[in-house]
Amino acid sequence: MTAAVALGQSAVNRPVARMITASGTGSRAQMRAHKVMPSSMPRPMSAASSSSMSASSLERRAFDLINEQRISNGEQPFVWDAELCRMARVHSDNMARQEFFDHTSPDGRSMQERARNSNIRGWSMLAENIAYNQGFDDPAAFAVERWMRSSKHRENILNDRFTRSAIGIARAEDGRVYLTQVFIAR
């Protein structure tokens, strides 16, 4: 199942967001799309706040918020994995530049293929959450909040088999923030 991309905002200029999750062992992947409606969302991002936070600080913020959720739910925190971060950043960057929103890239590469191409080997289970949003003061916190409200995203985040993870973030020219979180079990 794929999710359609929202290309811009309405005349009301309200924030927008989309999320999708995939998990797999071997070559099987299950995906579910979630559309987040703009009602009761945080206030729009100001021009000053949108440029004051670098991608690496956003990645770290999202990762720390995920670990807070794991700890509060009785799980061990994730260990940051630099290889997974590179894989996640490349996917987020590709989605931002090529204007797509899916676990499979326009050239047909799946999450598992991207892991192999990134030289990530020896995993027994691999999963990925993706999201994008536009117009939020804290795009990392908003994505984590919405992932935790979604059963499939939450399942990936709280799965005790996953011990390592990373988040890669890219910002499109129009201001959309793409987030990819990769999870791995060895």
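Procedures and definitions
Residues numbered from 1 in each chain as written. Predicted model: local features only at pLDDT ≥ 70, side-chain atom pairs only at ≥ 80, totals over all residues. Heavy atoms only, no water. Helix = DSSP H or I, 4+ residues; strand = E, 2+ residues; numbered from the N terminus. Contact = heavy atoms within 4.5 Å. Areas by Shrake-Rupley, 256 points an atom, 1.4 Å probe, with all protein chains shown as cover. Buried < 20%, exposed > 50% of the residue type's maximum accessible area, 1.4 Å probe, protein only. Pairing = 2+ DSSP bridges. Core = buried A, V, L, I, M, F, W, Y, C linked by side-chain atoms within 4.5 Å. Polar contact = N/O pair within 3.5 Å; in protein donor to acceptor, adjacent residues only side chain to side chain. Axes fitted to C-alpha atoms, helices over the stretch in contact; angles between N-to-C directions. Parallel < 35°, antiparallel > 145°, perpendicular 65-115°, else oblique. Nonpolar A, V, L, I, M, F, W, Y, C, P; charged D, E, K, R; others polar. pLDDT = per-residue confidence, 0-100. Phe/Tyr/Trp six-rings, centres within 6.5 Å; stacked < 30°, edge-to-face > 60°.

Draft legend 1. Focus on the overall build of the chain. Within the chain, the secondary structure is distributed over six helices and six strands. Secondary structure elements in the chain, listed N-terminal to C-terminal, are β-β-α-α-β-α-α-β-α-α-β-β. Once local pairs closer than 6 in sequence are excluded, the contacts in the chain between residues at least 24 apart make up 73%. A total of about 8900 Å² of accessible surface is found on the chain, and carbon and sulfur atoms cover 48% of it.

Draft legend 2. View of the pairing of strand β6 (residues 177–185). The buried count for β6 comes to nine of nine residues, which makes it a mostly enclosed element. Alternating positions in β6 separate into two faces, V177, L179, Q181, F183 and A185 on one and Y178, T180, V182 and I184 on the other, with burial throughout. Bridging between strand β4 (residues 125–134) and β6 involves nine bridges; their strand directions are antiparallel. When the sheet's bridge partners are listed, M125 is paired in β6 with A185.

Draft legend 3. View of the nonpolar core. Ranked by size, the top nonpolar core spans 23 residues in total, and within it I66, V144, W147, I157, F162 and L179 carry the most contacts. The set of elements that each furnish at least two residues to this core consists of α2 (55–72), β4, α5 (139–149), α6 (151–158), β5 (164–171) and β6. The residues contacting I66, other than those within four sequence positions of it, are F78, V144, W147, I157, I167 and Q181. Core analysis: the next-biggest nonpolar cluster, separate from the first, contains 12 residues, L84, M111, W123 and L126 among them.

Draft legend 4. Looking closely at the environment of D81. For D81, the location among the structural elements is in the loop between β3 (79–80) and α3 (82–98). Between the C-alpha atom of D81 and that of T163, which follows or precedes it by 82 residues, the distance is 9.7 Å. Not counting the four nearest positions on each side in its chain, D81 is found in contact with R164, S165, A166 and R186. For D81, the side chain forms a polar contact with the main-chain nitrogen of L84, separated by 3.1 Å.

Draft legend 5. Structural context of the packing of α5 against α6. Direction vectors running N to C along α5 and α6 enclose 100°, while the axes themselves pass 5 Å from each other. Considering their axes alone, α5 and α6 lie roughly perpendicular with respect to each other. Between α5 and α6, the residues in contact are W147, M148 and R149 and S151, H153, R154, I157 and L158, respectively. Of the residues that constitute the contact of α5 with α6, the class distribution is four nonpolar, two polar and two charged.

Draft legend 6. Main features of the confidence of the model for the chain. Averaged over every residue, the pLDDT of the chain is 78; the share at 70 or more is 70%. A low-confidence stretch, residues 1–14 (pLDDT under 50), is modelled with 26 contacts involving residues beyond four sequence positions or located in other chains. The model gives residues 25–55 a pLDDT under 50, and that stretch makes 69 contacts with residues more than four places away or in other chains.

Draft legend 7. Geometry of the packing of aromatic side chains. Enumeration according to the criterion identifies six aromatic pairs in this entry. With 4.8 Å between their ring centres and 90° between their planes, F63 and W80 make a pair best called edge-to-face. One end of the pair, F63, is in helix α2; the other, W80, is in strand β3, and 17 residues separate them in sequence. Judged by its relative accessible area of 1%, F63 falls in the buried class. With centroids separated by 4.0 Å and ring planes inclined at 10°, the aromatic side chains of F136 and F142 adopt a geometry described as stacked. What makes F136 buried here is its relative accessible area of 0%. What makes F142 buried here is its relative accessible area of 3%.

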